[in-house]
Number of protein chains: 6
Amino acid sequence: MGPATFARLPQIDEVSDVDVAVTGVPYDSAVTYRPGARFGPSHVRESSRLLRPYNPAQDVSPFSRQQVVDAGDIVANPFFLDEAAAQVETGARDLLERAGRLVTIGGDHAIALPLLRAMHAQHGPVAVVHFDAHLDTWDTYFGARNTHGTPFRRAQEEGLLDAEGCLHVGIRGPLYSGQDLIQDAALGFQVVTSDELDDIGTKGVIERIRARVEERPVYVSVDIDVLDPAFAPGTGTPEAGGMTSRELLRVLRGFADLALVGADVVEVSPAYDHAQVTGIAASHVIYELISAMAPRD
Amino acid sequence: MGPATFARLPQIDEVSDVDVAVTGVPYDSAVTYRPGARFGPSHVRESSRLLRPYNPAQDVSPFSRQQVVDAGDIVANPFFLDEAAAQVETGARDLLERAGRLVTIGGDHAIALPLLRAMHAQHGPVAVVHFDAHLDTWDTYFGARNTHGTPFRRAQEEGLLDAEGCLHVGIRGPLYSGQDLIQDAALGFQVVTSDELDDIGTKGVIERIRARVEERPVYVSVDIDVLDPAFAPGTGTPEAGGMTSRELLRVLRGFADLALVGADVVEVSPAYDHAQVTGIAASHVIYELISAMAPRD
Amino acid sequence: MGPATFARLPQIDEVSDVDVAVTGVPYDSAVTYRPGARFGPSHVRESSRLLRPYNPAQDVSPFSRQQVVDAGDIVANPFFLDEAAAQVETGARDLLERAGRLVTIGGDHAIALPLLRAMHAQHGPVAVVHFDAHLDTWDTYFGARNTHGTPFRRAQEEGLLDAEGCLHVGIRGPLYSGQDLIQDAALGFQVVTSDELDDIGTKGVIERIRARVEERPVYVSVDIDVLDPAFAPGTGTPEAGGMTSRELLRVLRGFADLALVGADVVEVSPAYDHAQVTGIAASHVIYELISAMAPRD
Amino acid sequence: MGPATFARLPQIDEVSDVDVAVTGVPYDSAVTYRPGARFGPSHVRESSRLLRPYNPAQDVSPFSRQQVVDAGDIVANPFFLDEAAAQVETGARDLLERAGRLVTIGGDHAIALPLLRAMHAQHGPVAVVHFDAHLDTWDTYFGARNTHGTPFRRAQEEGLLDAEGCLHVGIRGPLYSGQDLIQDAALGFQVVTSDELDDIGTKGVIERIRARVEERPVYVSVDIDVLDPAFAPGTGTPEAGGMTSRELLRVLRGFADLALVGADVVEVSPAYDHAQVTGIAASHVIYELISAMAPRD
Amino acid sequence: MGPATFARLPQIDEVSDVDVAVTGVPYDSAVTYRPGARFGPSHVRESSRLLRPYNPAQDVSPFSRQQVVDAGDIVANPFFLDEAAAQVETGARDLLERAGRLVTIGGDHAIALPLLRAMHAQHGPVAVVHFDAHLDTWDTYFGARNTHGTPFRRAQEEGLLDAEGCLHVGIRGPLYSGQDLIQDAALGFQVVTSDELDDIGTKGVIERIRARVEERPVYVSVDIDVLDPAFAPGTGTPEAGGMTSRELLRVLRGFADLALVGADVVEVSPAYDHAQVTGIAASHVIYELISAMAPRD
Amino acid sequence: MGPATFARLPQIDEVSDVDVAVTGVPYDSAVTYRPGARFGPSHVRESSRLLRPYNPAQDVSPFSRQQVVDAGDIVANPFFLDEAAAQVETGARDLLERAGRLVTIGGDHAIALPLLRAMHAQHGPVAVVHFDAHLDTWDTYFGARNTHGTPFRRAQEEGLLDAEGCLHVGIRGPLYSGQDLIQDAALGFQVVTSDELDDIGTKGVIERIRARVEERPVYVSVDIDVLDPAFAPGTGTPEAGGMTSRELLRVLRGFADLALVGADVVEVSPAYDHAQVTGIAASHVIYELISAMAPRD
């Protein structure tokens, strides 16, 4: 039991030096189908109670090799998309002044844009490894440019991305047109579809990712709908035919030697979850990401 | 089975003359707690399949004494509150040109403001009988003036209401301060709290309403959270201690001799519903309202 | 824990003399909306584990004043309505040769007809006290004469009922036409609507029932949808505005001096239940009925 | 939002020429365990809102290369199995006069027999590719010959099948006896069990299917319980150890060069679904089947 | 959003002087049926987010008239009942040294005994107003003397209670024997049954309570199963026929002039809750209790 | 339908000779996170209704090649861990006098220790094949030595295990420290992690198991959380990234030539299950284990 911080980590004000800050953004005003991701941060925290200090899969104790804290939530205005983006960016910048790395629990995927702005301010253009059923490189939706389907197009337009290092993993499901893929490729993204995963396996995916990002600073963005709805029912735009949680975790376990600068896990919508299946998967995803960030000897 | 119109009514394009149009507004961008009312219209329609043509409680056949149709949904931009309000108002005005009365399935309570604008354009100031756990006369929220907590303050400011005829029924639960009630009264609203209902009964409530609205044109706005969470779990801002559905339906059955000009039933959030308990309650509420609108000999 | 008999009662083969037999009919082929009542018997038994031997509300120990057993289930053919009816009648007649009284857990309401046939064979015409949202005196449905909406019309046509002693309690919701009520009255039924309950209270309902049935042999048929969906979400044709379980139980507690010959509790559909709310209500209804059957000094 | 047609397709009366008609059969009177598939068509339609026009997995725009419509539901008598079968057959024949191909959303699997009768009337004997946990070639159940466990035996007896081209995919779970498999083989069916899938992979399954059906006219019948209960909890007779939705979709993506004449997706039972997991899987299955039907250049 | 303290109150270490401390006891090892109340404290806190500062029903601002804090949880050993009791008592005594009054969120009802020990240490014998479906004055269960069915017998034996001032409210449901009531009365408890509530109303209940407790120091213990399962599905030993949340809240609103020294709200079991119906009811119960504790001018 | 024994098997008192007895232990007082496994036995039995007599995967009729019965439940004191252990051991010893083999449905994993004591009394040290996400070889928890996380350490200390033949399968998730693995290995256990399964496949796992247990008497202990939460949401300490039910069943199908002496399937917690997904998986696991125990010609 105890306070509902992520993995029972200390709160940010309880420690002096911070290596990794976990924060939440309870915001879902930019979704196009099922809302509810505003309750994602508290649900994922509540679902993280069983996480323990040693990660045998990566053979590392992620919380002792680095100071990890729960930094609470960044409040974002639910009624004005642009103001919300500014608030998330400010909140992220503030945290990045105190913590070397930031792991954010969404919230919907629109928060990736202001997070990338904050990342860019520190690291310059970053390679994005994007796990998702969807490309999220659409242009606008209902006239809005900052929705959960558009963050990576905006990010690329703003020069936040090192496009040579970006790729999507787990893409599947219907699109508006074949142009979606062409435009996405033009933005610089490579794609590893969910179907390809069957052919190349998790090891093949890791190789594809490593070959793509190389030594670049890497930002990992995980839309939980990259998992099949069986593994992540609690999300906003589910698509059949996704990854298993075992596959996703295994891929992330291969990230220890990447130059990770930050990450987000978004689109957990608890009203559609049951038995914390989605929340637990998301908390394990975050745990593997933090483990991969931990320094090795 | 058959097409999922409300109560299996014909679609608006299948008939020539229309007395009452039922429409949906799948919009929930103005909520402050649990979202999901965007799926309210389809859920209430799906939950209305068991409604039949004769209403013994009011001794009227609501669909044969007047032409009632399902007019489909009014699309509202989920990302810009003001544009959404304009779209709802336009959609409602268009329908009111074809139908004498409009019954709207929300969506969140913010849609009441544009609906009242459309009502006012036809009828001038209207008396509002407002069933809700909450006053919904707050001023702003996160700087936004058109949220689901503010429609009746805006409506009063715009002169849409005949304040002498307005009252809230079912109010309960904590407020920000005692000023909330004072400001609400200053706007002209009377209040029948949920507790008072215990003392005066449903007949007493009907009398209070009749004494208040008298001969005025009446708009009925039902936030489904006026019901106790046991009767309406599927809603966004539930408050314990509410009305039973038997009480609410019985009050509405006393409205046959009011000058009803329109109504809405809002804040049905299906992700929190189970076994269609909330959806069925909402569909019966609409059925009683349409029955009350039916002409008698 | 222990074997899943109703209220942990002995199985019928474990005792020699039987006063009251509880049986299940896992049959739902005659429903018109949500199916699932075939799982009613096992769900109600599972939900009856907390029942204990002494009933303070009736000041009686129902299981020590009379031998009550669980007689298991009567199997009915799910594919042929008439064969199913014959099987239920045969099963009930067999049990009535061993047990003075029979309490049946449905299954859908169509089973009331063969049960009344078996009752009539022993007792002649019986008074039926029928708790339900619906009249269940419709004529046919899809050409079928033995559905869950028709048992009491068939029973009356067959002379199974002492119509002077019959009444419905809890009726509410829309009908096909005003003729439904007229035809129902012509069959001899009185009606206490759900709305009337507000006016006369549970004591008034008991008086109405007593005045109606007098000294006649009484069969009690409880469609669990007489309860509001908040109290019985797990049922097939829910109607808003029903009785509370406290009201229903209190009415039944007034039956100790009626000449009860049998009872059924039908239409519990577990797939729509949650937290056993409906199952527990049904098990308490049965417990009060068995308590009312118990001899007093 | 908008009207709840499959994939927001036009209704059949809104277009003149039809290539593929999607219809629903809200019928579940022939099930042996959990009912509820009568609500399958509306649930699958509701779950298909996220489908979009371009299918990258098959590189085709299924709705622009052919005219696809939603033809509404075929009503079938829930109380008489044979009359229901006749109604489904008549409904299917009528639609096949207007549409080249028919894709049916069940309903339970008993509807496959009348659908195959209608197919046979147009195409003569067809090869059936049958995805299911169960053989569905039992003889009778409770004396009934047309249940959800018997359609393919009846179809073979009636000469509707080109047995040389038939096979089951995904079979698993206990049987009544070893004779079940022997009799099934005698009817001409080949079997690819769920376990074999592990060995030969989705590509191996596609090869097995192609080698079996060759150039024959092919009818695809998908019982959603071919998926593991994790991927399709909302079904009537779930068996552990099934396919993943990724596997099933991938197999279907290999059907573009088969001579598809029709398909059904049956046994979706929404009361047991959660978060639309089953409904979404079923809607994607239909989408892949319609995509495979689309003409290529 | 923000930290998940009860009603977003400050944590105990953030303030200097404390009038009322809210604490949780995540312990359910003493239950006899459904476990899960160990998650009650976090669930009730999560369900309390909508509580606001002003309580119109009591016309008081409970958090500004007195310093109220969230004191976090008291950890109790899940494996040894006696050690757990000692831990709860120690934790409560520690808090009572800092806070004048303690409001505890259970956890199961066994925690009432150590809480009463701590109360007694400060106030001497207290009057207990006990809302519950069950008497909780059984002697032992499975040989254990400190279970959730025995706290008030133990408390009386230890002299913790001023028996002249004790009463149960909401009692209903079957007992083991008529002796249960006789023994309970011998311990000094009066009983207001759920049925009596129908006759005397909430005002009558308040009068009964006031007449019983008079000027004595009062401890209020609310087992959430005093509510009907419709209003509190998320509990361990539900009994049909209970209070509505409106009735319970109204009774509590009459406690402002009682000499309240502490309170608990127990037996909230989230795994059986849905849409936070039980959690919200419990959070409102606590809110009314804290409001009643607030000093008036 | 019929009596709720496992797979509709006869009760133990209905037959004279018994080869395999299936028993339940409705006990969950030794869990550290989500309780509820006390309802596991009735839930798994209810979920086993679809099991049929012939197992094609193993080509055996498990109930005709050996007499299998349902022996009902062993009652264990929920309040005293040691007394409960003694009761389970006694119950198991009694059954082993009548039945050659025992298959136990938990209950939580703490019951494995007394079951192994009973096994040891008959067979001497046994090889344990342990499917689980967790090692369950911790030392103490809250000072208790017999919890659901400690049975195999205790068993080894007591000499109940033939450590040369023991291994864990499916291990994954965070640990307290790297020492956990070292101590576990020191106890004699080998580990096949969930990740390794991806590399060696189900056939590789079977080979690893066979090579380990050789001709030793084998006890199989299946914690249902070895499955991924998608396949077994209804459990107490879920960990993302687990086995699929297809994998687990396939491994068990390779056990026919092992010297199986007993088995348990534990940690099914129905309150977190939906649509019986977990219950069905557990019932199939038991079915495969009993099939593997059946003698071949």
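Bear in mind that the values here come from a model prediction, so they are computed numbers and not experimental data.

So, how was this worked out
Residues numbered from 1 in each chain as written. Chains lettered and ligands numbered in written order. Predicted model: local features only at pLDDT ≥ 70, side-chain atom pairs only at ≥ 80, totals over all residues. Helix = DSSP H or I, 4+ residues; strand = E, 2+ residues; numbered from the N terminus. Rg over C-alpha atoms; globule rule 2.2 N^0.38 Å. Buried ≥ 20, exposed ≤ 12 C-beta atoms within 10 Å, placed from the backbone. Contact = placed C-beta atoms within 7 Å. Core = buried A, V, L, I, M, F, W, Y, C linked by C-beta atoms within 7 Å. Nonpolar A, V, L, I, M, F, W, Y, C, P; charged D, E, K, R; others polar. Least-squares fit on C-alpha atoms with pLDDT ≥ 70 in both. Pairing = 2+ DSSP bridges. Axes fitted to C-alpha atoms, helices over the stretch in contact; angles between N-to-C directions. Right-handed = clockwise from strand over helix to strand, strands pointing away. Parallel < 35°, antiparallel > 145°, perpendicular 65-115°, else oblique. Left-handed = near helix turned anticlockwise from the far one by under 90°.

Enquirer: What's the story with the overall build of chain A in this structure? I'm lost.
Expert: A count of helices and strands for chain A gives eight helices and eight strands. Computed over the C-alpha atoms, the radius of gyration of chain A is 17 Å, within 12% of the 19 Å expected from 2.2 N^0.38 for a compact globule of 297 residues. Expressed along its principal axes, the backbone C-alpha trace of chain A runs to roughly 50 × 45 × 40 Å. Evaluated residue by residue, chain A yields a buried proportion of 69% over its 297 residues. Excluding contacts between residues fewer than 6 apart, the proportion of contacts in chain A whose partners are at least 24 apart in sequence is 78%.

Enquirer: Explanation requested: the nonpolar core in the structure shown.
Expert: Of all hydrophobic cores here, the largest spans 618 residues; its most connected members are V22 of chain B, V22 of chain C together with V22 of chain F. Filtering out sequence-adjacent residues up to four positions away, V22 of chain B remains in contact with F6, L9, V68, V69, D70, A71, V103, I105 and I286 of chain B.

Enquirer: I tried to follow the arrangement of the chains on my own but got confused; where do I start?
Expert: Nothing in chain A touches chain C; the tightest C-alpha to C-alpha distance between them is still 13 Å. The two partners chain B and chain F share no contact, and the minimum distance between any of their C-alpha atoms is 13 Å.

Enquirer: Hey, could you run me through the interface of chain D and chain A in this one?
Expert: Interfaces are frequently sized by the accessible area removed from exposure as the parts join. On the side of chain A, 22 residues touch chain D, which itself brings 23 residues to the contact. Secondary structure elements with two or more residues in the side of chain D that touches chain A: α7 (245–252) and α8 (277–293) of chain D. With five residues, α8 of chain D is the single largest residue contributor to the side of chain D that touches chain A. Tallied by class, the residues present in the side of chain D that touches chain A amount to 14 nonpolar, six polar and three charged.

Enquirer: Would you explain the relation of the copies chain D and chain A in this entry?
Expert: One chain copy maps onto the other through a rotation about an axis and a shift parallel to that axis. Rotating chain D by 120 degrees and moving it 0.0 Å along the rotation axis overlays it on chain A with an RMSD of 0.0 Å. Taken together, these values place the two copies in the relation of a three-fold axis. Residues of chain D ranked by C-alpha distance from the rotation axis are headed by A230 of chain D, positioned 3.2 Å from it. A share of only 9% of interface residues in chain D that are also interface residues in chain A marks the association as one of differing surfaces.

Enquirer: Just to check I follow, could you spell out the relation of the copies chain E and chain B for this structure?
Expert: Once chain E has been moved 0.0 Å along the axis and rotated by 120 degrees, it coincides with chain B to within an RMSD of 0.0 Å. When the interface residues of chain E are mapped onto chain B, a mere 9% of them are again interface residues, pointing to distinct binding faces.

Enquirer: How do you make sense of the sheet that holds strand β1 (residues 18–25) of chain D when you look at a structure like this?
Expert: Pairing between sheet strands relies on hydrogen bonds along the backbone, with the strands arranged either parallel or antiparallel. Residues and elements named next belong to chain D. Taken together, eight strands build an open sheet; the order of strands is β2-β1-β3-β8-β7-β4-β5-β6 and the sheet is parallel. Looking at strand neighbours, the two that pair on one side only are β2 (68–73) and β6 (190–193), the edges of this open sheet. Taking each pair of neighbouring strands and ignoring which way they run, the sheet shows an average axis angle of 20 degrees. In the packing of helix α6 (residues 194–213) onto the sheet, contacts are made with β4 (127–131), β5 (167–171), β6 and β7 (217–223), and the angle to β6 comes to roughly 150 degrees.

Enquirer: Any chance you could explain the interface of chain E and chain B here in plain terms?
Expert: Facing the 23 residues of chain E at the interface are 22 residues of chain B. Only α7 (245–252) and α8 (277–293) of chain E provide two or more residues apiece to the side of chain E that touches chain B. Looking at which element gives the most residues to the side of chain E that touches chain B, the answer is α8 of chain E, with five residues. When the residues that make up the side of chain E that touches chain B are grouped by side-chain class, the tally is 14 nonpolar, six polar and three charged.

Enquirer: What is the right way to look at the environment of T235 of chain F in this model?
Expert: Residues and elements named next belong to chain F. Within the secondary structure layout, T235 lies in the loop between β7 (217–223) and α7 (245–252). Accessibility expressed as a C-beta count within 10 Å gives 30 for T235, which makes it buried. For the pair T235 and G107, spaced 128 residues apart in sequence, the C-alpha to C-alpha distance is 11 Å. Apart from the residues lying within four places of it in its own chain, the contact partners of T235 are I224, D225, E267, V268, S269, Y272 and T278.

Enquirer: Please explain unusual backbone geometry as it appears in this structure.
Expert: What is expected of a backbone is that most residues other than glycine have negative phi and most peptide bonds are trans. The step from G106 of chain C to G107 of chain C runs through a cis peptide bond, and the omega angle for that step is 15 degrees. Its location among the elements puts G107 of chain C in the loop between β3 (99–106) and α3 (112–123). The backbone of E214 of chain A sits at a positive phi, close to 50 degrees, despite the residue not being glycine. Among the structural elements, E214 of chain A can be located in the loop between α6 (194–213) and β7 (217–223). Even without being glycine, A7 of chain C reaches a positive phi, approximately 50 degrees.

Enquirer: What is the right way to read the sheet that holds strand β1 (residues 18–24) of chain E from this model?
Expert: All names here are of chain E. If you trace the eight strands from one edge of the open sheet to the other, you get β2-β1-β3-β8-β7-β4-β5-β6, paired in parallel fashion. The open sheet has two edge strands, β2 (68–73) and β6 (190–193), and neither has a second partner. Strand-to-strand twist across the sheet, computed as the mean angle between neighbouring axes with direction ignored, equals 20 degrees. For strand β5 (residues 167–171) and β6, the ladder comprises four bridges, and the chain directions are parallel. Paired with H168 across the strands is V191, a residue of β6. Those strands touched by helix α6 (residues 194–213) are β4 (127–131), β5, β6 and β7 (217–223), and its axis lies near 150 degrees from that of β6.

Enquirer: Please clarify how the environment of D94 of chain A should be interpreted in this entry.
Expert: All names here are of chain A. Along the polypeptide, D94 turns up in helix α2 (residues 81–98). For D94, a count of 15 C-beta atoms within 10 Å puts it in the partly exposed group. With 24 residues separating them along the chain, D94 and A118 place their C-alpha atoms 9.1 Å apart.

Enquirer: How do you make sense of the pairing of β7 of chain E when you look at a structure like this?
Expert: All names here are of chain E. Buried residues dominate β7, accounting for seven of its seven residues. In β7, alternate side chains face the same way, and those of P217, Y219, S221 and D223 on one face and V218, V220 and V222 on the other are all buried. Bridge count for β4 against β7 is five bridges, and the pairing is parallel. Among the inter-strand pairings, F131 is bridged to a residue of β7, identified as V222. Crossover connection from β7 via α7 to parallel strand β8 (residues 259–266): handedness right-handed.

Enquirer: Sorry if this is basic, but what is going on with the pairing of strand β5 (residues 167–171) of chain F here?
Expert: Regular strands place side chains that alternate from one sheet face to the opposite one. For β5 of chain F, a buried count of five out of five residues is recorded, marking the element as mostly surrounded by other parts of the structure. Each parallel crossover has a hand, and the one from strand β4 (residues 127–131) of chain F via helix α4 (residues 151–157) of chain F to β5 of chain F is right-handed.

Enquirer: Where do I start with the environment of P114 of chain C in this structure?
Expert: Residues and elements named next belong to chain C. In this structure, P114 sits in helix α3. Judged by the 28 C-beta atoms lying within 10 Å of it, P114 is buried. C-alpha separation for the pair P114 and V44, spaced 70 residues apart in sequence, amounts to 21 Å. With sequence-adjacent residues up to four places away left out, P114 is seen in contact with A85, V88, E89 and A92.

Enquirer: Got a minute to help me understand the packing of α7 of chain D against α8 of chain D in this structure?
Expert: Packed helices, taken two at a time, are described by the angle their axes make and the gap between the axes. Residue and element names in this part refer to chain D. Two numbers describe how α7 lies on α8: the axes approach to 9 Å, and their chain directions differ by 15 degrees. Classed by the angle they form, the pair α7 and α8 counts as roughly parallel. Between α7 and α8 lies a crossing of right-handed hand. Mapping the contact onto sequence places S245, L248, L249 and L252 in α7 and A281, H284, V285, E288, L289 and A292 in α8. The residue makeup of the contact of α7 with α8, split by class, is seven nonpolar, two polar and one charged.

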